[in-house]
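The residues making up each chain are set out below.
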Amino acid sequence: MMNLNLDTIFSSLMNPALHELQVWALENPQESLSKTMLPTIALIEGLIANEPTYLPAKRSAFGANFCCAAQVVIGDFTSVETALTSPQARDWRLGTSVLDADNSPDRDVGGRNVFLLSLSDRSAGGNGEHEAFRNCVQKYLLNEAATNRQRDEISRRLLDRLAADYAAMPHGEGGTFFTDVKRGWMGFLVRYLHYVLFGLNPDDEDSIALLTDLHYVRQSPLHYFAVIGSLLKSLNLLGHKDLSTLIERAADIYENSPALADFPEAGDNGMTRRELAKLMTAIMGIAGMQGPLHLGYTAMGYRPLPAYHGQKTADIKPTDFWDALDLDDRQAVKLFLLECARLWAPVSASHRVATAPFTVTIAGKQRTFPAGTKVLIPMILGLLDESFWGATVYEFNPKRENLCPFHMGFHSVGDRSAGRICPAKDLALEMLVDVLSTVGKVRRASEF
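Parameters at a glance
Residues numbered from 1 in each chain as written. Predicted model: local features only at pLDDT ≥ 70, side-chain atom pairs only at ≥ 80, totals over all residues. Heavy atoms only, no water. Helix = DSSP H or I, 4+ residues; strand = E, 2+ residues; numbered from the N terminus. Buried < 20%, exposed > 50% of the residue type's maximum accessible area, 1.4 Å probe, protein only. Areas by Shrake-Rupley, 256 points an atom, 1.4 Å probe, with all protein chains shown as cover. Lys, Arg positive; Asp, Glu negative; His and termini not counted. Charge placed at Lys NZ, Arg CZ, Asp CG, Glu CD. Axes fitted to C-alpha atoms, helices over the stretch in contact; angles between N-to-C directions. Parallel < 35°, antiparallel > 145°, perpendicular 65-115°, else oblique. Left-handed = near helix turned anticlockwise from the far one by under 90°. Contact = heavy atoms within 4.5 Å. Nonpolar A, V, L, I, M, F, W, Y, C, P; charged D, E, K, R; others polar. Patch = residues over 30% accessible without salt bridge, like charges linked within 9 Å, V, L, I, M, F, W, Y side chains within 5 Å. Salt bridge = Lys/Arg side-chain N within 4 Å of Asp/Glu carboxyl O. Pairing = 2+ DSSP bridges. Core = buried A, V, L, I, M, F, W, Y, C linked by side-chain atoms within 4.5 Å. Polar contact = N/O pair within 3.5 Å; in protein donor to acceptor, adjacent residues only side chain to side chain.

(A) Seen up close, the overall build of the chain. For the chain, the count of helices and strands is 20 helices and 8 strands. Along the first, second and third principal axes, the C-alpha set of the chain runs to 60 × 55 × 40 Å. Among the 448 residues that make up the chain, the fraction classed as buried is 54%. As displayed, the chain has an accessible area near 18300 Å², and 53% of this comes from carbon and sulfur atoms. Seen as two clouds, the 43 positive and the 52 negative side-chain charges of the chain have centres 2 Å apart.

Given below as structure tokens:
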């Protein structure tokens, strides 16, 4: 998303009176006014708050704890750390935004909910399905075979093709290397990730074209957002009228992929092969094809860093640091990527549902919220908390202390979590290190 002038465009949402009203409504959700107001706030502010400077601006206006998008935000580093390393009850939210339960896999075809993001941990009131379904993802897709594919000649060939595209295509800010869906960065991600995870042939042009159309051309993540998904379908915007059919066709490809060839007909972990395939149509669209895409955008200079209020982050050029790296030092390249993801987190927030009443201080007052309250987990605020990262928090420093063990960009604190860490963290970072190293060498040979 583009950077917006929050002081002018969102000034009404920073109004203390409106904020106080939202706090009151969350304290008293049974009131008629609360029932009327909160869904609208959740929908509208939930979308706005995806803009990366919004939550930091709200923290500047109201303090570490505030309310946003009909959720309570507890934004100091220690509280975010605790939330990320504790069991989580879940609802239909993607960070700050509201999701449409009826569009989720596999409920969209009358099946049960298999969507990991909306399933609660067993120890937070869940029925164990989150753990079981996640185990299937790890067993069949994030396994030794995927690791081996990531290191083989086919992956190497795809990296070399990416480097050749970089040399041949405009790759400055806004360049076609980043915007062409068939070549360059997006073309690479579709082929590489589907090869490594599913074992799909990256030269199968029909399958690659379908998956590119679904995840990038038609922007499949929008399908899952409340109101937006239904609106796009009803108006046939971005080709969403028949998106459900396209999702089923993608699920056919996943279901018949080499990675799922040994999935037992009787099911595994209480899950069917089709359910796993349908789950992955959503996971690939929302996370797999988006997280690496946006981190690559930041690291390779497609767009400036967010213009955080009162800071000079938008003037920082991460490519200057990329150009100075020892590209054969994988740890140095990894830390560079983590610093990019600290200043612009590809996933800025998560959520949990309070399982008991709780009290926090907001604007100097003790406020008590009931069980069932949605609580935002603002990783972006933890990543930009001066009390932990120090006075240089808005500066770019890949060598900063504790960057790796306390990074929150993968829904964890370093490698610590309560079982909800991004399961593809290691695979994604390995890929991005390979990309920055391979493309970086071509960049230097052609530009310096």
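(B) Focus on the packing of helix 11 (residues 205-217) against helix 13 (residues 243-255). Between helix 11 and helix 13, whose axes approach to 10 Å, the crossing angle comes to 135°. Of the possible angle classes, the one that applies to helix 11 and helix 13 is oblique. For the pair helix 11 and helix 13, the sense of crossing is left-handed. Two secondary-structure elements touch here, helix 11 through S207, L210, L211, D213, L214 and H215 and helix 13 through L243, L246, I247, R249, A250, I253 and Y254. By residue class, the composition of the contact of helix 11 with helix 13 is 9 nonpolar, 2 polar and 2 charged.

(C) Here's a closer look at a nonpolar patch on the surface. A cluster of nonpolar residues, L231, L235, L237 and L238, forms a patch on the protein surface that exposes about 350 Å² of accessible area. Inspection of the secondary structure assignment puts L231 in helix 12 (residues 228-235).

(D) Inspection of the side chain of T313 at higher detail. Relative to the helices and strands, T313 is located in the loop between helix 15 (291-299) and helix 16 (318-324). Taking the relative accessible area as the measure of exposure, T313 reaches 0% and is therefore buried. Beyond its immediate stretch of four places on either side in the chain, T313 contacts L305, P306, A307, Y308, L343 and Y394.

(E) Representation of the sheet that holds strand 5 (residues 350-353) in the model. One open sheet accounts for 4 strands, arranged 1-2-8-5; its pairing is mixed. Lying at the two open borders of the sheet, with one neighbouring strand each, are strand 1 (65-68) and strand 5. Averaged over neighbouring strand pairs, the angle between their axes works out to 35° when direction is ignored. Its contacts with the sheet place helix 2 (residues 16-27) against strand 1 and strand 2 (71-74), and it is angled at close to 85° to strand 1. Sitting on the sheet, helix 4 (residues 54-62) touches strand 1 and strand 8 (374-377), and the angle it makes with strand 1 is about 130°.

(F) Molecular detail of the packing of helix 8 (residues 153-168) against helix 10 (residues 184-198). Here helix 8 crosses helix 10 at 175°, and the two axes come no closer than 10 Å. Comparing the axis directions of helix 8 and helix 10 gives the class roughly antiparallel. Here I154, S155, L158, L159, R161, L162 and D165 of helix 8 lie close against helix 10, whose contacting residues are G184, W185, F188, R191, Y192, Y195 and V196.

(G) Just the nonpolar core, in detail. Core analysis: the biggest nonpolar cluster contains 114 residues, and W185, F188, L276 and V435 have the highest contact counts within it. Top contributing element to this core by residue count: helix 10, with 11 residues. When near neighbours in sequence (up to four residues on either side) are disregarded, L276 contacts C136, V137, Y140, L260, F263 and M271. Counting residues in each nonpolar core, the second largest holds 17 residues, with V23, A42, F358 and V375 among its members.

(H) Region of the structure containing the environment of W322. Within the secondary structure, W322 is located in helix 16. Residues W322 and A299, 23 residues apart in the sequence, show an inter-C-alpha distance of 7.5 Å. Those residues in contact with W322, other than ones at most four positions away along the chain, are Y166, A299, M300, L327, F336, L436, V439, G440, R443 and R444. A polar contact of 3.1 Å, which involves the side chain of W322, links it to the backbone oxygen of L436.

Nothing here speaks to function; it is geometry throughout.
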